[in-house]
Amino acid sequence: MACLELSKRGKFKEDQDACTLDGTVDMHGRPAIRTKSGRWVAGIIILLNQGLATLAFFGVGVNLVLFLTRVVGENNADAANSVSKWTGTVYIFSLIGAFLSDSYWGRYKTCAIFQVIFVIGLVSLSLSSYLFLLKPRGCGDEFTPCGAHSSMEMGLFYLSIYLVALGNGGYQPNIVSFGADQFDEENPKEGHSKVSFFSYFYLALNLGELISNTILVYFEDEGMWALGFWVSAGSAFAALVLFLVGTPRYRHFKPSGNPLSRFSQVIVAAVKKWRVEVPSNAKDLYSVAGNESSTNGNRRILHTHGFKFLDKAAFISSRDFVDQNQCIRNPWRLCPITQVEEVKCILRLLPIWLCTIIYSVVFTQMASLFVEQGAVMKTTISHFRIPPASMSSFDILSVALFIFLYRRILDPLVGRIKKSDSKGLTELQRMGIGLVIAVMAMVSAGIVECYRLKYAIKDCKTCDGSSSLSIIWQIPQYAFIGASEVFMYVGQLEFFNAQTPDGLKSFGSALCMTSISLGNYVSSLLVSIVMKISTEDHMPGWIPGNLNKGHLDRFFFLLAALTTVDLVVYIGSAKWYKCIKLEGKFEEADEEDDIKV
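Predicted, not measured: the structure shown is a model, and the values here were computed from it.

A. Highlighting the packing of helix α5 (residues 107–133) against helix α8 (residues 225–245). Relative orientation of the contacting elements α5 and α8 amounts to 160°, with a least axis distance of 9 Å. When the interaxial angle is binned, α5 and α8 end up roughly antiparallel. With respect to the hand of their crossing, α5 and α8 are arranged in left-handed fashion. Broken down by class, the residue content of the contact of α5 with α8 amounts to 21 nonpolar, four polar and no charged.

And the structure:
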């Protein structure tokens, strides 16, 4: 309506189509003009910002365990434990960032504030390392240990790295949602671009990680820690400046207020009316105009079947209003149907989200057991030594290749086979394919381990479990993991962004990060359980210090079996799932995004 009024005044040449239809606004809070905001101009700025920020983060994170052992002086176990705590904290902070974004600050302000914190943390880390920790000069490489450090110096170091964790954690789930906000999914052309954005976003993330895992890792491994940290700080500062430059171009969704109170109101109101019989006609349930809704003008969610008990919260009774004129409702007794549907959306997402945790367990093996497996294989080709951790480069290359293959070949091919205007495979279908490929990755790793054991040098007491099988044989398992990421993680980003209400998009992105965090914890727990059981009767266990005496292949096959079971549960959850129905969108059948078996 606002766009139409402005058009009549002659301020814009276009009619109501000049404005976006998804409820986004510009930096001044006015309805966003399609031709002057968002789209790929803003999208490319955010992609570059993500690539630079990822380079900065992994410039610290990828080699933090070596910094703790070589510079800080921690032993291997303590260093690994410290890195695990630090990594887990990053994902916890992602939930805090998502909450502040969806509730109060909005995505733009949240991204800007946490990026500033990120830069401050990196600058502080660079300064503290250069001035206090890297003493004597030249220490920190593989051969020269650093001296002891005071409590103040160590306190400044840990403050710095946790500022980095806070900055990156709070920023990460919001930037992907903010980037998706730049495309109006109510417009067919922009809706297609929005789907493509998630693939390019994940590609930008991987390219940033590739640079940090190759160039920065080399400098830091040679003891040039201060240089590596300063490059990370410079990259993060460039990302912040680039983000701020794009300010006039961005589109915004208004924050919706505290979701915890809205969810609690629905539960309390439904419990208070537990004896009420819900009418069969959804039109009899309480609904309000957009400006009055609990989601601050965002698109309303239409009523869906399922979770009938929660519909009681929207049943109107005479006791639901605080005055006799029935003008002011009691929010703890009567909730709009959109507010009720918010709770339903999250409840429907939880089974799908839980099924992604086992996949994250598989994904985390790339940074742990895959590296340990590679370390006891033949790592030399001619006179060139391949660092086992660098094999993850094949994962990143696989991600880039499969993003291209999917977007340019597979997606159009599926669309032609379906003979419709659909976008090809749905998000749920792609996530299922990702689980299938994850099973293939674990089977591949298990087969490689069987052959590694066959060619193991078992009689060499100083070889620490080495094998004559070349590390090149690990390429397929890394390639499978990369392919599965394109289907699972990209599909997951799209799915949670599309299926969460406008006021909870950042929370949806945070769910993806939390899945990875829980995957790390579940992996650690699984390894502990396996070792406890497999070391009974004085056996060396499946994953001993000398892998030649163990059965790492059995652990990989176990993960393949668990992922297969998870796939079966996931298919059932996906067929049960019903899509969110936004006003003016999703008029098609509820089963559109079900997996077709």
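Right, picking up where we left off after that structure.
B. The arrangement of helix α3 (residues 64–72) in detail. Considered for burial, the residues of α3 that qualify are Leu64, Phe67, Leu68, Arg70, Val71 and Val72. Gly73 sits one or two positions beyond α3 and adopts a positive phi of about 95°.

C. Just the state of the cysteines, in detail. Scanning the model with the defined rule gives one disulfide in all. Two residues share a disulfide in this structure: Cys139 and Cys146, whose sulfurs sit 2.1 Å from each other. Negative torsions about the S-S bond denote left-handed disulfides, and the value of about 90° found for Cys139 with Cys146 makes this one right-handed. Judged by relative accessible area, which is 1%, Cys139 ranks as buried. Of the residues examined, Cys146 reaches a relative accessible area of 16% and is grouped as buried.

D. Representation of the environment of Leu166 within the structure. In this structure, Leu166 sits in helix α6 (residues 151–181). Remark: the alpha-carbon pair of Leu166 and Ile92, spanning 74 residues in sequence, is separated by 8.8 Å. Beyond its immediate chain neighbours, meaning those up to four positions away, Leu166 contacts Phe93, Phe114 and Ile117.

E. Spotlight on the packing of helix α15 (residues 475–499) against helix α16 (residues 505–534). Packing of α15 against α16 brings their axes to within 7 Å, and their N-to-C directions diverge by 145°. Note on packing geometry: the crossing formed by α15 with α16 is right-handed. Contacts between α15 and α16 involve Tyr489, Gln492, Leu493, Phe496, Asn497 and Ala498 from the first element and Lys505, Gly508, Leu511, Cys512, Ser515 and Ile516 from the second. Classifying every residue of the contact of α15 with α16 by side-chain character gives seven nonpolar, four polar and one charged.

F. Looking closely at the pattern of salt bridges. Under the criterion given, the structure shown has 14 salt bridges. Arg34 is the partner of Glu190 in a salt bridge, and the nearest nitrogen-oxygen pair spans 3.1 Å. Taken as a pair, Glu190 in helix α7 (residues 188–221) and Arg34 in the loop between α1 (2–8) and α2 (39–61) lie far apart in primary sequence, 156 residues in all. Exposure remark for Arg34: the relative accessible area of 11% places this residue in the buried category. Taking the shortest distance from any N to any O, the salt bridge between Arg407 and Glu494 comes out at 2.8 Å. Taken as a pair, Arg407 in helix α13 (residues 392–418) and Glu494 in helix α15 lie far apart in primary sequence, 87 residues in all. As far as burial versus exposure is concerned, Arg407 and Glu494 are alike and both buried. One network of salt bridges, in which partners are shared, links Arg34, Asp184, Glu190 and Arg251.

G. Expanded view of the nonpolar core. Ranked by internal contacts, the top residues of the largest apolar core, which has 116 residues, are Phe157 and Phe555. By size, the runner-up hydrophobic cluster in this structure holds 12 residues, among which are Val278, Ala314, Cys335 and Ile337.

H. Structural context of the environment of Lys36. Along the chain, Lys36 falls in the loop between α1 and α2. The class of Lys36 is exposed, set by a relative accessible area of 55%.

I. Representation of the environment of Ala510 in the model. With respect to the element layout, Ala510 can be found in helix α16. A relative accessible area of 0% means that Ala510 is categorised as buried. Each C-alpha atom, one on Ala510 and one on Leu95, is 5.8 Å from the other, the two residues being 415 residues apart in sequence.

J. Local environment of α13. Bending of α13 peaks at approximately 45° at the position of Tyr406. Looking at the buried residues of α13, the elements they touch are α7, α14 (427–454) and α15.

K. Structural detail: the packing of aromatic side chains. Counted under the stated rule, the structure contains 29 aromatic pairs. Consider the rings of Trp40 and Phe183, whose centres lie 4.9 Å apart with planes at 65°: the pair is edge-to-face. Of this pair, Trp40 sits in helix α2 while Phe183 sits in the loop between α6 and α7, and the two are 143 residues apart along the sequence. Note on Phe183: relative accessible area 1%, which makes it buried. Between Phe370 and Tyr478 the ring centres are 5.4 Å apart and the planes differ by 75°, which places this aromatic pair in the edge-to-face class. Of the two residues, Phe370 sits in helix α12 (residues 369–375) while Tyr478 sits in helix α15, which places them 108 residues apart along the sequence. Here Phe370 matches Tyr478 in class, with each residue buried. One aromatic cluster is present, formed by Trp40, Phe183, Phe197, Phe198, Tyr200 and Phe201 through successive ring pairs.

What counts, and where the lines are drawn
Position numbers for residues count from 1 along each chain, tracking the sequence in the order it is written. Residue-level local features of this predicted model are given only where pLDDT is at least 70; pairs of side-chain atoms are given and counted only at 80 or more, and the full residue set underlies all totals for whole chains, interfaces and linings. Water and hydrogen atoms play no part in the side-chain values, which are based on all heavy atoms of the structure. Every axis corresponds to a line fitted to the C-alpha atoms, with the helix fit spanning only the stretch in contact, and the corresponding angles, defined between N-to-C directions, vary from 0 to 180 degrees. Runs of H or I in DSSP of at least four residues are treated as helices and runs of E of at least two as strands, each being numbered from the N terminus. Angles below 35 degrees are treated as roughly parallel, those above 145 as roughly antiparallel, those between 65 and 115 as roughly perpendicular, and all remaining angles as oblique. Left-handed is the label given to a crossing in which the near helix is rotated counterclockwise from the far helix by less than a right angle, and right-handed is the label when the rotation is clockwise. Amino acids are sorted into nonpolar (Ala, Val, Leu, Ile, Met, Phe, Trp, Tyr, Cys and Pro), charged (Asp, Glu, Lys and Arg) and polar (every other residue, Gly among them). A 1.4 Å probe rolled over the protein chains alone gives each residue an accessible area, and that area as a share of the maximum for its type sets the label: buried under 20%, exposed over 50%, partly exposed in between. Any two cysteine sulfur atoms within 2.5 Å of one another count as a disulfide. Throughout, a residue-residue contact means that at least one pair of heavy atoms, one from each residue, lies within 4.5 Å. We define a salt bridge as a side-chain nitrogen of Lys or Arg found within 4 Å of a carboxyl oxygen belonging to Asp or Glu. In this text, buried Ala, Val, Leu, Ile, Met, Phe, Trp, Tyr and Cys residues form a nonpolar core when linked through side-chain atoms within 4.5 Å. Given a residue, its bend is the angle between the two axes fitted to the seven residues that end at it and to the seven that start from it. Working definition: rings of Phe, Tyr and Trp (its six-membered ring) pair if their centres are within 6.5 Å, and the pair is stacked with planes under 30 degrees apart, edge-to-face with planes over 60 apart, and tilted otherwise.

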